[in-house]
Structures are given as C-alpha cells and as structure tokens.
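In case you want the letters, here they are:
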Amino acid sequence: MRRASFVGAVLLALLPSAAFAHATAPTVQQPTNWVAISLFLGFVALTLAITKRAAARTKTASDFYTAGGGISGFQNGLAMAGDYMSAASFLGISAQIFKDGYDGLIYSTGFLVGWPILLFLMAERLRNLGKYTFADVASYRFAQAPVRCFAAISTLLVVSFYLIAQMVGAGQLIKLLFGLPYSYAVVIVGGLMMLYVLFGGMRATTWVQIIKAVMLLGGATFMALMVMAQFGFSLETMFARAVAAKTAMAASAGDAPDVAKAGRSIMGPGNVIKDPISAISFGLALMLGTAGLPHILMRFFTVPDARQARKSVLWATTWIGYFYVLTFIIGFGAIVLVGTRPDYLDATGALRGGGNMAALHLAHAIGGNAFLGFISAVAFATILAVVAGLTLSAASAVSHDLYATVIRKGAATSAEELRVSRLTTLTMGVLAVLLGLVFEKQNVAFMVSLAFALAASGNFPVLILSLLWSDCTTKGAAIGGTIGLLTAFVLTVLSPAIWVTVLGYKEAIFPYSSPALFSVTAGFVSIWLISLLDRSPRAAVDREGYAAQRVRAETGVGAHGATDH
C-alpha cells in the first residue's frame, strides 16, 4: 500500500501546470445537471465542426504540428492563454485565495512573471530557429540525437503526468457537477481529445483553445462583475467584509486563539509560504517553469514570423494577467458570499465537495443553477482543450524528434511522420483513459511549485544556454539538462509533500516545499561545468556554430516560413 501511494503521489506531485490548491475531498455523484450537459454538448458540437473543417486542410506534417504556421499573433496569443488557463488554475487559485487571502496571489504573480521572459528572451529566437518543437531550437547547433532524446523524454514525462491529472480531474468534476459516472467522463474526454488531434491537428486544437479561452474569460468576467456589484464596485468594501467574514469563521471554528488576527491575516503574506528559501524557490519554479513547458513552447511555431511570435506573447500576457485579476476578485468574493452561507458548507464547516469548489459555489450564489451549469461546462471544456494541446506536443516529440530525426536521421517523409504522429496520438489517448481509470481513487495533495520545477530545472536551462551562451556544447546540454530534471524529481520525493504526507515518515530529508532553487541551480551549473570541460571534436563544432545560430536567431534569415494555403 505504501508503494502504491508513493507512485501515485509522485505522478501527481510533478504536474507541470497550475494545480488544485489543496487536496480534494472524495466527490459524490450529484443529480444530473442538464444545463451543464447541454452547454457542454454545444461546445463539443461547435468544436467538432471546426475539426471537420480543419481535417480537410491537414495534409502534411507542417499542417498537423503547426497549422502550417498560418495562425495570426492575436489568435495564437488567445490560444496560448487558453493553453495556460487550465481548470485547475481557475478553480485552484480562487480556492487558494478563498483559503489564504492575499497570499494566494503568489500563484498568479509567479505564473504571470514567466511571460516577460518568453517575450524578451525567447519568443523571436524560438520562432526563427525552430520548425515544429522546442527540441528544434535546443538542438540547433548540437548533435541531434542526444539533445533531441533528452527533449523528447522530458516532454513525454511532463505530458504523461499532466494527462493523468487532467483525466482524473475531469472524472471527478463531472461526477460532482454533471451527475455522470466517473468512467463516462474519462472515456468522453479521451475520445474527444483523440478526435481533435487525430483529424484536426494543431489547427483544430488552436480553435478549441480559442473558444474555450473566450468562454472562460467571459464567464470569469461576468462572475467578477457580479461580485463587485455586491460591494458597490468598491474593493475596500469587499476587503473589509472579507476580513469580517474570516473573523466570524475563525470564531465559529474555535481553532484560532486570536480570531481578529486570524481574520486580518488574509490581507497579508505568510499563510502559504512560511520561510524565505521556500518563497524564492517557489517563485523560481513558477517563473522559469512557464518558459519550459513544451506545449506552450510549441505554439511559437504556429505563427508566420518572429513579429507575430512577439505579438502572441504580448496578447497571451494581457489575457492571462486579466484572468488572474479576475481570480483575485472571485476568491475574495467567495469568502463573503460562499464562506458565510451554511448551505455551501458541510457539517464540519468546510466547503461542500472539497476546497476547490469555491468558484463553483460562487457561480451558483450569484447566478443560480443556470450560471453554475455554464461554469461547470467551461471547466470541463477547459480540461478537454488542455488535454488536446498536451497530446499534440507528445505526438510531435515522438514523431518529429525521435522517429524522423533520431531514428530515420531526417530521411522520413512528411506522410510517414504524420502517420507516426497519429499512431502516437491514438496510443496516448488510450493510455490516458486507462490511467484515468486506474488512478480514480488517488487523492493526494500536490504542489504547483514542484510541478513547474520539473520544467524549470530541465528544459529552461537547456533552452536559455543554447540560445545565449556560445560555449554550450552537446554534452553540456544533454547531460546537464538530465541532471537538472533528475534533481527536481529526487528532491520532490524527499520533500514533505511525499516523504512525510504520503510515505508517513516523521521528517522530510529535504525540508523545503519546492526544490526549484536547488534543482534549477543544478541544471545551470551542470550545463556550464560540463560544457567548459568538454574538449571533444564535437564541442569545437558546437562552439563554432554559435555565430551562424545567432545571425538566424536575431534576423530570421533562413527561418522556416509559413505554408501558403
């Protein structure tokens, strides 16, 4: 039993995405919500129609991976935002603010700060150097096999763990909100995801993300406006009433010696992160992890040129920043409008359905069953869209990085590459459904910082040093990136989240909640040291290739262009 708990905890602790804020209580199947089902079916019908149209235009590997590079900067920015604004982000961040107040903003701030890094350091260079995946950029002047193998394994690791969480999250959400059995939800998500990716490729996935982003932004905007209307559109009034509500909740629970102090604590830091090392490590994970997520990096190749790549990041940053402002209002609004109403609380005073239900209960409080149905449908659509994007990045890693470049050494035809992509998509879909069913009962708290640390410690150091440091070599990138990845993994296992909470030991070997400060350092130092010590003939070729790489990265001369449709 301990071994099974350990495996499940590791899988959930390493998710590279915004995670649910705290452990979710086991869900109970609710009466069927026909409003939510009807709205979701409308979303599915619209996106399947788009997929059918996209399938007619998906003929080559370029069409499948990057929509032929024909997506505009505005469209791609909205799709990037859709990829990033997951259901876990929406429900988890608002729940964290509901629980801890102002301190919950560390999630929003950390996620958002990573985007200027993408804009100023990476966007233009990625578009000019890459073709289909971020491995094209990381391996540009290096020996292809070692760096692409590292990039593909890292991508598959990240995507596989993420898919498990998405499938489990979909099943639990639908059982709770729609009234459908868990297994039905898992099969529905897996089947629809395969349809989107198999037939529509990146073009269909992009439009699924755009539609979902518009729905999520629209729903969150309406919710925030309705919340502010309750307080006369005064933030000061909302904060004052939230403090009063928290004070009353603390007095009712009887678990705080100073209830007034407990109420005021939501307006200051210290509730989530307790010590400076954890705060720095946590911030690094969120900030640098964003710039290392493979399904986000892949989107830079869907636009026609570097100018549109920069525009993509600018629009994505705008929408994501706006969304996180909304979650701040939603979280504080829920403290007043949900936390003080007994009908949303169980016998112990906790939220019905678990801590992550704050936003959904708020939707019911301000809009009744109809708006709850809409937000429920948006949450499910969000999971579906994110799963499609992840599956596409996994398919590209196998077909383009491993099969076409490493195994066939560049001799694979576009038709062969496309066939392998679709076989990988089918395999990932079936695997995601099976793992979703296997992990149905898994109920382990996991941390956002640990998830982002994986991407921040492996992918980000390899990318940034290969782009900006002339002495970086093949051995440095492949071995150093692997060391960073493994360090993040091992420290995660040894941290309190798994070593104490799951395995039951009294003290954790690694005392901090996030390993990023140490694992990111390990990644950078390893790449730097191994590259400096590398005096092989290949290293000389790597160093000589930097000048040509820099010219193309800065000017775009010779860059892969958009397909003319």
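Attention here is on the structure that accompanies the text. This is a predicted model, so every value here is computed, not measured.

## Examining the overall build of the chain
For the chain, the count of helices and strands is 22 helices and 0 strands. A total of 565 residues make up the chain; the buried ones form 59% of that total. The long-range fraction of contacts in the chain, counting pairs at least 24 apart against all pairs at least 6 apart in sequence, stands at 85%. For the chain, the computed accessible surface area is about 20,500 Å², with 67% contributed by carbon and sulfur atoms.

## Considerations on helix H12 (residues 276–290)
Between its first and last C-alpha atoms H12 spans 22 Å; for 15 residues at 1.5 Å apiece the expected length is 21 Å, and the two agree. Among the residues of H12, Ser 278, Ser 281, Phe 282, Ala 285, Leu 286, Leu 288, Gly 289 and Thr 290 are the ones counted as buried. Where H12 begins, the side chain of Asp 275 points an oxygen toward the backbone nitrogen of Ile 277, at a separation of 3.3 Å.

## Some points on a nonpolar patch on the surface
A cluster of nonpolar residues, Val 525, Trp 528, Leu 529 and Leu 533, forms a patch on the protein surface that exposes about 410 Å² of accessible area. Turning to its location among the elements, Trp 528 is positioned in helix H20 (residues 516–533). Accessibility expressed as a relative area gives 44% for Trp 528, which makes it partly exposed.

## Thoughts on the packing of helix H15 (residues 358–407) against helix H16 (residues 414–438)
At their nearest, the axes of H15 and H16 sit 8 Å apart, and the two run at 135° to each other. What the angle tells us is that H15 and H16 run oblique. Note on packing geometry: the crossing formed by H15 with H16 is right-handed. Contact residues: H15 offers Thr 391, Ala 394, Ala 395, Val 398, Ser 399, His 400, Tyr 403 and Ala 404, while H16 offers Glu 416, Glu 417, Val 420, Ser 421, Thr 424, Thr 425 and Met 428. Along the lines of polarity and charge, the residues of the contact of H15 with H16 split into 7 nonpolar, 6 polar and 2 charged.

## Quick word on unusual backbone geometry
Notably, Ala 67 is not glycine yet its phi reads approximately 55°, a positive angle. Relative to the assigned elements, Ala 67 resides in the loop between helix H3 (61–66) and helix H4 (73–84). One non-glycine residue, Lys 409, lies in positive phi territory at about 55°.

## Details of the packing of aromatic side chains
Two measures describe an aromatic ring pair: the distance that separates the ring centres and the angle between the ring planes. The final tally for this structure, using the stated rule, is 20 aromatic pairs. Note on Phe 64 and Tyr 65: the rings are 5.9 Å apart at their centroids and 75° apart in plane angle, and the pair reads as edge-to-face. Among the aromatic residues, those joined into a cluster by ring pairs are Tyr 84, Phe 90, Phe 111, Trp 115, Phe 323 and Tyr 324. Cation over ring: Lys 246 sits above Phe 98, and NZ or CZ is 5.4 Å from the ring centre.

## Some remarks on the pattern of salt bridges
In this structure the tally under the stated criterion is 10 salt bridges. Across the pair Arg 125 and Glu 554 runs a salt bridge, and its minimum N-O distance is 2.9 Å. Here Arg 125, found in helix H6 (residues 105–129), pairs with Glu 554, found in helix H22 (residues 546–555); they are 429 residues apart in sequence, far enough to count as distant. For Arg 125, a relative accessible area of 17% translates into the label buried. Across the pair Asp 542 and Arg 538 runs a salt bridge, and its minimum N-O distance is 2.8 Å. Placement of both Asp 542 and Arg 538 in helix H21 (residues 537–544) is noted, with a separation of 4 residues, approximately one turn of the helix. Of the residues examined, Asp 542 reaches a relative accessible area of 0% and is grouped as buried. Through salt bridges with shared partners, one network takes in Asp 136, Arg 148 and Asp 401.

Calculation criteria
Residues numbered from 1 in each chain as written. Predicted model: local features only at pLDDT ≥ 70, side-chain atom pairs only at ≥ 80, totals over all residues. Heavy atoms only, no water. Helix = DSSP H or I, 4+ residues; strand = E, 2+ residues; numbered from the N terminus. Buried < 20%, exposed > 50% of the residue type's maximum accessible area, 1.4 Å probe, protein only. Contact = heavy atoms within 4.5 Å. Areas by Shrake-Rupley, 256 points an atom, 1.4 Å probe, with all protein chains shown as cover. Expected span 1.5 Å × (residues − 1). Polar contact = N/O pair within 3.5 Å; in protein donor to acceptor, adjacent residues only side chain to side chain. Patch = residues over 30% accessible without salt bridge, like charges linked within 9 Å, V, L, I, M, F, W, Y side chains within 5 Å. Salt bridge = Lys/Arg side-chain N within 4 Å of Asp/Glu carboxyl O. Axes fitted to C-alpha atoms, helices over the stretch in contact; angles between N-to-C directions. Parallel < 35°, antiparallel > 145°, perpendicular 65-115°, else oblique. Left-handed = near helix turned anticlockwise from the far one by under 90°. Nonpolar A, V, L, I, M, F, W, Y, C, P; charged D, E, K, R; others polar. Phe/Tyr/Trp six-rings, centres within 6.5 Å; stacked < 30°, edge-to-face > 60°. Lys NZ or Arg CZ within 6 Å of the ring centre and 35° of its normal.

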